[in-house]
Amino acid sequence: MAGNSTITSEEFQFSQEVIWKLQQYYEARVVGQKGLEMSLITAIIADGHILLESVPGLAKTTAAKAISDAVNGKFSRIQCTPDLLPSDIIGTQIYHQETGKFETIFGPVFANFVLLDEVNRSSAKTQSAMLEAMQERQVTIGGITYRMPQDIFIVIATQNPIEQEGTYPLSEAQTDRFMIKEKITYPSAAEELEIMTRTESGAFVGKGTPVLSIEELDRVQDIAEKVYVDDTIRKYITYIISATRSPEKVLKPDLAKYVRIGASPRATINFLRIAKAAALIHGRDYATPDDVKMMRHQVLRHRIGLSYAAIADNVTVEEIIDGIVNAIPAP
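A brief look at the structure comes next. Chains are numbered independently. Their residues run from 1 in the order of the written sequence. Under the rules for a predicted model, residues below a pLDDT of 70 receive no local features and side-chain atom pairs below 80 are neither given nor counted, while totals for whole chains, interfaces and linings still include all residues. To obtain the side-chain values, all non-hydrogen atoms of the structure were used and water was disregarded.

Comments concerning the overall build of the protein chain
Then, in step 1: Working definition: helices are DSSP H or I runs of at least four residues, strands are E runs of at least two. Numbering for both runs from the N terminus. For the protein chain, the count of helices and strands is 15 helices and 13 strands.
Then, in step 2: The globule rule is 2.2 Å times the number of residues to the power 0.38, and the radius of gyration it is compared with is taken over C-alpha atoms. Against the 2.2 N^0.38 benchmark of 20 Å for 331 residues, the protein chain shows a C-alpha radius of gyration of 21 Å, consistent with a compact globule.
Then, in step 3: In terms of overall dimensions, the protein chain has C-alpha extents of about 70 × 50 × 45 Å along its principal axes.
Then, in step 4: Only protein chains enter the accessibility calculation, which uses a 1.4 Å probe; a residue is then buried when its area is under 20% of its type maximum, exposed when over 50%, and partly exposed in between. When the 331 residues of the protein chain are sorted by exposure, 49% land in the buried category.
Then, in step 5: Put simply, of all contacts in the protein chain between residues at least 6 apart along the chain, 79% involve residues at least 24 apart. Any pair of residues with heavy atoms lying within 4.5 Å of one another is described as a contacting pair.

Focus on helix α3 (residues 60-69)
Then, in step 1: The buried count for α3 comes to seven of 10 residues, which makes it a mostly enclosed element.
Then, in step 2: Turning to α3, its buried residues are K60, A63, A64, A66, I67, S68 and D69.

A short note on the pattern of salt bridges
Then, in step 1: Definition used for salt bridges: Asp or Glu carboxyl oxygen within 4 Å of a side-chain nitrogen of Lys or Arg. Counted under the stated rule, the structure contains 17 salt bridges.
Then, in step 2: Between R137 and D47 there is a salt bridge, and its shortest N-O distance comes to 2.8 Å. Taken together, the residues R137 in the loop between α5 (124-136) and β7 (138-141) and D47 in the loop between α2 (34-45) and β1 (50-53) connect sequence positions 90 residues apart.
Then, in step 3: Its relative accessible area of 17% is what places R137 among the buried residues.

Quick notes on the pairing of strand β5 (residues 101-106)
Then, in step 1: Note: two strands are recorded as paired if DSSP finds a minimum of 2 bridges between them. As paired elements, strand β4 (residues 91-96) and β5 share six bridges and run antiparallel to each other. Counterpart to Y95 in the pairing with β5 is F102.
Then, in step 2: Taking the residues that link successive antiparallel strands as the turn, the β4-β5 hairpin has four residues, and the phi of G100 there is positive, at about 70°.

A word on unusual backbone geometry
Then, in step 1: Although it is not a glycine, D47 adopts a positive phi angle of roughly 60°.
Then, in step 2: The partly exposed category is assigned to D47, whose relative accessible area is 21%.
Then, in step 3: Unlike most non-glycine residues, N314 shows phi in positive territory, near 60°.
Then, in step 4: Note on placement: N314 falls in the loop between α14 (308-312) and α15 (317-327).
Then, in step 5: Classification of N314 by relative accessible area gives exposed; the value is 64%.

Considering the side chain of E318
Then, in step 1: By secondary structure assignment, the location of E318 is in helix α15.
Then, in step 2: The exposure class of E318 is buried, given its relative accessible area of 16%.
Then, in step 3: Within polar-contact distance, the side chain of E318 engages the side chain of R301 at 2.9 Å.
Then, in step 4: When neighbours within four sequence positions are excluded, E318 is seen to be in contact with K183, H297 and R301. Polar contact is the term for a pair of N or O atoms within 3.5 Å; when the atoms are in protein, one must be able to donate a hydrogen and the other to accept it, and sequence-neighboring residues count only if both atoms are side-chain atoms.

Let's talk about the sheet that holds strand β3 (residues 75-79)
Then, in step 1: Taken together, the five strands give an open sheet; going across it, the order is β3-β6-β9-β1-β10, and neighbouring strands pair in parallel fashion. Two strands bound the open sheet, and with one partner strand each, they are β3 and β10 (180-183). Here the average twist between neighbouring strands, direction ignored, is 15°.
Then, in step 2: As paired elements, β1 and β10 share four bridges and run parallel to each other. Residue pairing across strands places L52 opposite E182, the latter belonging to β10. Angles shown run from 0 to 180 degrees and are taken between the N-to-C directions of axes, each axis being a line fitted to C-alpha atoms and, for helices, limited to the stretch in contact.

Looking at the packing of aromatic side chains
The relative placement of two aromatic rings is captured by the distance of their centres and the angle of their planes.
Then, in step 1: Whether two aromatic rings pair depends on their centres lying within 6.5 Å, for rings of Phe, Tyr and Trp, where Trp uses its six-membered ring; planes under 30 degrees apart make the pair stacked, over 60 edge-to-face, and the rest tilted. Going through the model one piece at a time under the given rule, you end up with three aromatic pairs.
Then, in step 2: Here Y95 and F102 contribute two aromatic rings whose centre-to-centre distance is 5.1 Å and whose plane-to-plane angle is 55°, an arrangement assigned as tilted.
Then, in step 3: For Y95, a relative accessible area of 47% puts it in the partly exposed group.
Then, in step 4: Residue F102 is classed as exposed on the basis of its relative accessible area, which comes to 56%.
Then, in step 5: Ring plane angle 80° and centroid distance 5.0 Å describe the contact between F106 and Y146, whose orientation is recorded as edge-to-face. With F106 in strand β5 and Y146 in strand β8 (residues 144-147), the pair connects residues that are 40 residues apart, well separated along the chain.

A few points about the side chain of S122
Then, in step 1: Inspection of the secondary structure puts S122 in the loop between β6 (113-117) and α5.
Then, in step 2: By relative accessible area, S122 is classed as buried at 1%.
Then, in step 3: A distance of 2.8 Å separates a polar atom in the side chain of S122 from the backbone oxygen of V119.

With respect to the nonpolar core
Then, in step 1: Counting residues in each nonpolar core, the largest one holds 77 residues, and the members touching the most others are I50, I240 and L300.
Then, in step 2: Looking at this core element by element, the count peaks at 10 residues for helix α11 (residues 265-281).
Then, in step 3: Beyond its immediate sequence surroundings of up to four residues, L300 is in contact with I240, I241, T244, A263, A267, F271 and I321.
Then, in step 4: Side-chain atoms within 4.5 Å are what join buried Ala, Val, Leu, Ile, Met, Phe, Trp, Tyr and Cys residues into a set we call a nonpolar core. Among the nonpolar cores identified, the runner-up in size contains 25 residues, and I89, V109, Y146 and F153 belong to it.

Some details on the layout of surface pockets
The probe, sized like a water molecule, is rolled over the atoms to show the empty space still left.
Then, in step 1: Cavities and pockets were defined on a 1 Å grid built from protein atoms only: a cavity is a group of points that admits a 1.4 Å probe but offers it no way out, a pocket is an open group of points flanked by protein on both sides within 12 Å along at least five of seven lines, and a lining residue is one with an atom within 4 Å of any such point. Grid points are joined across faces, edges and corners, and a volume is the space filled by probe spheres set on the points. Put simply, the largest pocket is a space of about 1100 Å³.
Then, in step 2: Taken together, 38 residues form the lining of the largest pocket, with L170, K181, R301, H302 and I304 sitting closest to its centre.
Then, in step 3: Those elements that provide at least two residues to the lining of the largest pocket are β1, α6 (172-175), β10, β12 (259-261), β13 (305-306), α14 and α15.
Then, in step 4: Of the residues contributing to the lining of the largest pocket, the split by class is 14 nonpolar, 14 polar and 10 charged.
Then, in step 5: For the second largest pocket, the calculated volume is near 240 Å³.
Then, in step 6: Along the wall of the second largest pocket there are 12 residues; nearest its centre are V31, G57, L58, A59 and I195. Gly counts as polar in this scheme, as do all residues outside two lists: the nonpolar Ala, Val, Leu, Ile, Met, Phe, Trp, Tyr, Cys and Pro, and the charged Asp, Glu, Lys and Arg.

See the structure below:
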């Protein structure tokens, strides 16, 4: 089953040029973190929201800013704090006594790229203010619904997993609205040396010139939708998702017992979109099983709930995901 139509040679060439520009811009601003680069570019081409998690100082904000700076669109950065209010994000109405009328003031969420820095520092009420915007691409202010940007609207949220005081863990309903969750690791010694060298030379100072327009990125997203995905691969995706809900069918009992809840149908849709985008990044107009498996951790790690026993026994969600994917034959 193909997409809406076949990708033309001109469209394919255009998409490769755009992807190359994104990659070059990112690599000029961020040292290493190739997995993060792949996740960010894939999710943006697939038109999905991104959740980044790591200890402080590993370039979460820098990487998110680099990708958004590459595109000449509107960017907003929201530093989340416990006293942040929903109106600080979506906007509010202000009463003018002179005219006797209310004026709607739009919040920073009305942008093409929205960076929610340390999202788990904001209260649950404020976090929920993003739900409607992220899923429905609209917000309600004073009983009136306003649409988000129609072309590109992507939320990139970061969170720090090591601090507990003054933080509010994201709910499962909230995290499920992120297409992917990427965990960032420490750089190698060689990469850290390169970071010092670039910092001393001033390479990280200032904002670079955008290399893409919003219209160009929007066009690549449309092209990605046309990537061919065979029915066997679509079934492969459904088998993986189904196994997260009934792990005892594919995993050994001593491992299956740790799974508390499986992935939602949103994971199925996101797997399909991610596979299409990954295929395009790898220079193909058709998806393969490897495109599905490549992003398995990012798509599933925030959608599979583990029991407290898993935490006690040091069983990670990545182990569960690998066990499920390895147990299902690829087409």
